[in-house]
Amino acid sequence: VTPTGPAIARLALLGLLGCILQLTAVAQITIFGVPADLSPLLVCSVGLLMGSVPGALFGFSVGLFVDTALLQTLGISSLVLTAVGYGAGRLRELRDPAHALVPVAVGAIGTAVYAIGFSVMQFLLGVDAPVSLLLVREILLVIVLNTLLALPVHMLVRRWLSPFLPDDPRRRRRRAYTTGGLSPLSKA
Amino acid sequence: MYDKAVRRRRAVLAVLVALSLTLLTAYFGESSSGSLHGVQRGAMEVLAPIQEGANRVVKPFRDLFGWFGSTLDAKSQRDKLKKERDALRLQVTQLQVDGSENKTLRGLLNINTGGGMKAYQPVIARVFARSPSTWYSTVEINKGSSDGVRPDQPVVNGQGLVGKVKSVSNGNAIVMLLTDQEFGVSAKAARSGEPGSINPAVGAPGDLLLELVPRGKLVTKGEHIVTAGTVSTRLPSLFPPGILIGTVSRVDQGEGELDRQIHVSPAADLRQLEYLEVLTKPNTDLVASTGKSP
C-alpha cells in the first residue's frame, strides 16, 4: 500500500493519539505491577495492514515521538520500532496471513522484539543495570498484556485506516470464491 | 517494476535505520545543552499542554481502571487477611487449650506440693475418652499397668477427688468417677469431723450424698467433705485421708436422724476433665505408721 496524503494524515493522527493515550493513560494503569505498551501494537498493526514501508515509517515516527516525549535517548525506540514495523509489513507481503489470530501473534512477537531490543540497546549504551529476574518478569508481563490487547488494538487501527486499505485477505479470498475468481469453474 | 519496489523498500529501511543510528549517536555524544537535547526539550514543551489536557480527559477512564485494579488488589488483600485471621484464630484456640492445660497442670502441681499428694506417687494421665452414658460415669486415661496404675487406685485432679481406677490394661485405664452408681468412699466433714460415706445420689447425676453420718445435724451447708482415709488397719481404705471430695450443697432435714440427707457437690468439675492424677501409692501413710505393706 502506498500511503497517500489523507492516509498519511490519518497515520500521523493515529500515531499522535496512540502515543498520547499511551503516555497519559495506559502507562499509568498497571496490571500485576506493569503497564501495557500500545506503541509496538500500533506499529505492528499498521505494518500488518499497510505493508513494510508504511510500517517502518510509522515505527520510526512513533519511536521518535516516544523518545522525544519521554526525554529518552533519541533513536533507540525509532530503531527498534522501525524493525518491528518492517517485520510486520514483510509478513503481510510475503505470507498474506488470513487467520483471525494473526494480529495476536504478531502483537506478541512485536512486543517481545521491542521490549528485548530496547533493553539490549540500553545495555549496549552502557546502562549500568543487571539483567535481573525482575526485568525478565516485567518484559514477560508486558508481552502477556500486549498479547491480550493486540486484537482490539488491531481492530481499531483497521477501522481507522479502512478507507485506505485494500480488502483484508479473508474478505478477498471469500469474494474470490463467491465470484468465481478462484473457482475451478472460472477456468473452464 | 518488482526490483524497483524492492530497492525502494530496502532504501527506506536503510535510511530509517541510518537515521535512527545517527540520531542515537549524535544524541549520545552531545552534552545536555546540545542541539538535539534542545529540540527534544522544545518538543516536550509543545507536547506538555497536549499531554496535560489529554491527561485530564482520560482521568475518569484511568480512575475507572484504577478502581478495578484497586478492587482486585483489595480482594487479594482481603483473602490474605482472611488467611491471617484463620491462622490467628487457630493460634488463639491453641493458646486457650494450652492455657486450660496449664491451669489444670498447675492445679495438679499445687495438690502435689501444697496438698501433699507427692508422697502417693501420682501418675499424670490425660483423659482421651469419656463414657457417653450418664449411668456409667467413666473416663478413659492414657496410663495403664505399665505406668504403675492398678485397679482401685484413687484418681484426683487439681480440684479434688475424681474417682478411682476401675480397670486397667497395659497402656490405658478406665476411671470410675465419683458420680458413678457403683462408687463409694468413706468420708468425713472437714470442720465438724463427722464421719460418713459418700455415694452418688440415685437419679440425680452429679449429686453426691453423705450417708451414715452419726450426728448429721452437726454438718452444715458449705462444709467441705474430705476422704476419711484408713480408720482401722484391719479394713484399710483405698483412699488417703484429707482429699477434698466436695462441699455440702444442702441438707434435707427428715423425720429423724436416719431421714436426713446431706447433699454434696463434687469439688472436681467432672464434665471437664483433661488431666488426672492416679495415686499409685495411696497407702503410703499406712505403711509409714504400721511399718508394713497393706
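Residues numbered from 1 in each chain as written. Chains lettered and ligands numbered in written order. Predicted model: local features only at pLDDT ≥ 70, side-chain atom pairs only at ≥ 80, totals over all residues. Heavy atoms only, no water.

Is there a simple way to think about the environment of B:Thr179 in this case?
For B:Thr179, the location among the structural elements is in the loop between strand E5 (173-177) and strand E6 (185-189). In this structure, B:Thr179 is in contact with B:Ser137, B:Pro200, B:Gly206, B:Asp207, B:Leu208, B:Pro266 and B:Leu270, ignoring residues within four places of it in sequence. (Helix = DSSP H or I, 4+ residues; strand = E, 2+ residues; numbered from the N terminus. Contact = heavy atoms within 4.5 Å.)

Looking at this structure, I do not really get the packing of aromatic side chains. What am I missing?
Any pair of aromatic rings gets described here by the distance separating the centres and the angle formed by the planes. Applying the stated criterion across every chain yields a total of two aromatic pairs over all chains. An angle of 55° between the planes, with centres 5.9 Å apart, marks the rings of A:Tyr114 and A:Phe118 as tilted. You can see A:Tyr114 and its partner A:Phe118 sitting in helix H5 (residues 102-124), four residues apart, about one turn around the helix. Given a relative accessible area of 17%, A:Phe118 falls into the buried group. Geometrically, the ring pair formed by B:Phe183 and B:Phe239 is edge-to-face, given 5.9 Å between the ring centres and 70° between the ring planes. Here B:Phe183 is found in the loop between E5 and E6, whereas its partner B:Phe239 is found in the loop between strand E9 (224-227) and strand E10 (244-252), with 56 residues between them in sequence. (Phe/Tyr/Trp six-rings, centres within 6.5 Å; stacked < 30°, edge-to-face > 60°. Buried < 20%, exposed > 50% of the residue type's maximum accessible area, 1.4 Å probe, protein only.)

Hey, could you run me through the pairing of strand E1 (residues 122-130) of chain B in this one?
Each regular strand carries side chains that alternate between the two faces of the sheet. Residue and element names in this part refer to chain B. Pairing between E1 and strand E12 (residues 275-279): five bridges, direction antiparallel. Within E12, the position partnered with Ala125 by the bridge is Leu276. With three bridges connecting them, E1 and strand E2 (residues 138-141) associate as antiparallel partners. By the bridge assignment for E2, Val127 is matched with Ile141. (Pairing = 2+ DSSP bridges.)

Help me understand helix H2 (residues 38-50) of chain A in this model?
Every α-helical turn comprises 3.6 residues, leaving residues that sit three or four positions apart pointing alike. All names here are of chain A. The end-to-end C-alpha distance of H2, which contains 13 residues, comes to 18 Å, matching closely the 18 Å that a straight helix rising 1.5 Å per residue would cover. Of all 13 residues in H2, 13 are buried; the element is thus mostly enclosed. Positive phi shows up at Gly51, right after H2, with a value of about 110°. (Expected span 1.5 Å × (residues − 1).)

Please clarify how the nonpolar core should be interpreted in this entry.
Ranked by size, the top nonpolar core spans 44 residues in total, and within it A:Val46, A:Met50, A:Phe58, A:Val62, A:Phe65, A:Val157 and A:Leu161 carry the most contacts. Counting residues per element, the ones that place at least two in this core are helix H1 (5-24), H2, helix H3 (52-69), helix H4 (76-95), H5 and helix H6 (133-161) of chain A together with helix H2 (35-113) of chain B. The element contributing the most residues to this core is H2(A), with nine residues. The next biggest cluster of nonpolar side chains, apart from the first, holds 39 residues, and it includes B:Tyr120, B:Val155, B:Val162 and B:Ile262. (Core = buried A, V, L, I, M, F, W, Y, C linked by side-chain atoms within 4.5 Å.)

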